[in-house]
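# Summary of the model geometry
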Amino acid sequence: VTASDETTASAKLGDIALGDYVDLPSLTVAAYGGSDGNGGGAFSNTKARVQVVGVNSYTKNGNTGKHLVFQFKDIMVNRRMNETNTTTGGYAASEMRKYLTTVSGDANSGKFLAGLVAAGVPQTALWAPSRVISGAAAIADLVYLPSYWEINKTVDAWSGGSYVSGESDGNSAWFSYYSPAGSASNLDSTAGKAVRKKKLHGTETDAWWWFASPYSGSSSHFCYVHNLGHAHNYIASSAGGLAPVFCVK
């Protein structure tokens, strides 16, 4: 397997290929910040399916080595990005990041990571790639939200302005599960919409889910995938869907 496999529909690592999945028998995650009703993020005893969306996807920013990128197939829970409507500090400084992974200086962070490890995913198997999100300094997390570019592989226009800045093929990965091989299809185009749609866990309801990327047209909005599969953005304090990602080496 070589780095070029990230652009092929048949990419695989050994006997594991794009679209394959593993079911976690249960998953319990505690809340972080705020009540559950306002996006604290607590849920319990939930069977969770994680799906391979990338093979050797991370090759920029010093990332090397064979790896698999797993994403939760369904939206596991709704949670706010920040307590207030701000993108100050980007994803790196967000409350969402502290909920998902361990952040230096915050002993209460990493609720989702703790739940994932308790569900049987060894922390020693997890790998934190170096990632650039909207031009900010690179960060490395064991569990995280995907960026706009990682799903879309391009930046499109909406209401006269681009969704994000600072994400490009020169500094970002792309999860090849989300577009036809070799394509840089627009997130607002018809092609690829269906595969980006996710259901709220345990239901047949399509719901929207967060990107890690702040929206460039506002200091209060982050980007997300609409329940119809196209791009949009919303205020950071809204409780939106989570379909986190983690890597295994």
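Structure's up top.
All of the points below concern the structure found in this document. Please read these numbers as outputs of a predicted model, since none were measured by experiment. (Residues numbered from 1 in each chain as written. Predicted model: local features only at pLDDT ≥ 70, side-chain atom pairs only at ≥ 80, totals over all residues. Heavy atoms only, no water.)

## Quick look at the pattern of salt bridges
- For the coordinates displayed, the defined rule picks out nine salt bridges.
- The partner of R97 in a salt bridge is D141, with the nearest N and O atoms 2.8 Å apart. In this pair, R97 is assigned in helix α1 (residues 95–100) and D141 in the loop between β9 (139–140) and α3 (148–152), connecting sequence segments 44 residues apart. Grouping residues by exposure puts R97 and D141 together as buried. (Salt bridge = Lys/Arg side-chain N within 4 Å of Asp/Glu carboxyl O. Helix = DSSP H or I, 4+ residues; strand = E, 2+ residues; numbered from the N terminus. Buried < 20%, exposed > 50% of the residue type's maximum accessible area, 1.4 Å probe, protein only.)

## Brief notes about the sheet that holds strand β7 (residues 126–127)
- With respect to topology, five strands assemble into an open sheet ordered β3-β4-β5-β18-β7, the strand pairing being antiparallel. Where the open sheet ends on each side, the last strands, each with one partner, are β3 (21–24) and β7.
- The sheet contact formed by strand β4 (residues 48–55) and strand β5 (residues 68–72) spans five bridges and is antiparallel. Within β5, the position partnered with V52 by the bridge is F70. (Pairing = 2+ DSSP bridges.)

## A look at the pairing of β5
- Burial runs high along β5: five of the five residues are buried.
- Burial along β5 is two-sided: the face carrying L68, F70 and F72 and the face carrying V69 and Q71 are both buried.
- With four bridges joining them, β5 and strand β18 (residues 245–248) adopt antiparallel strand pairing. Across the sheet, residue V69 finds its bridge partner in β18, namely C247.

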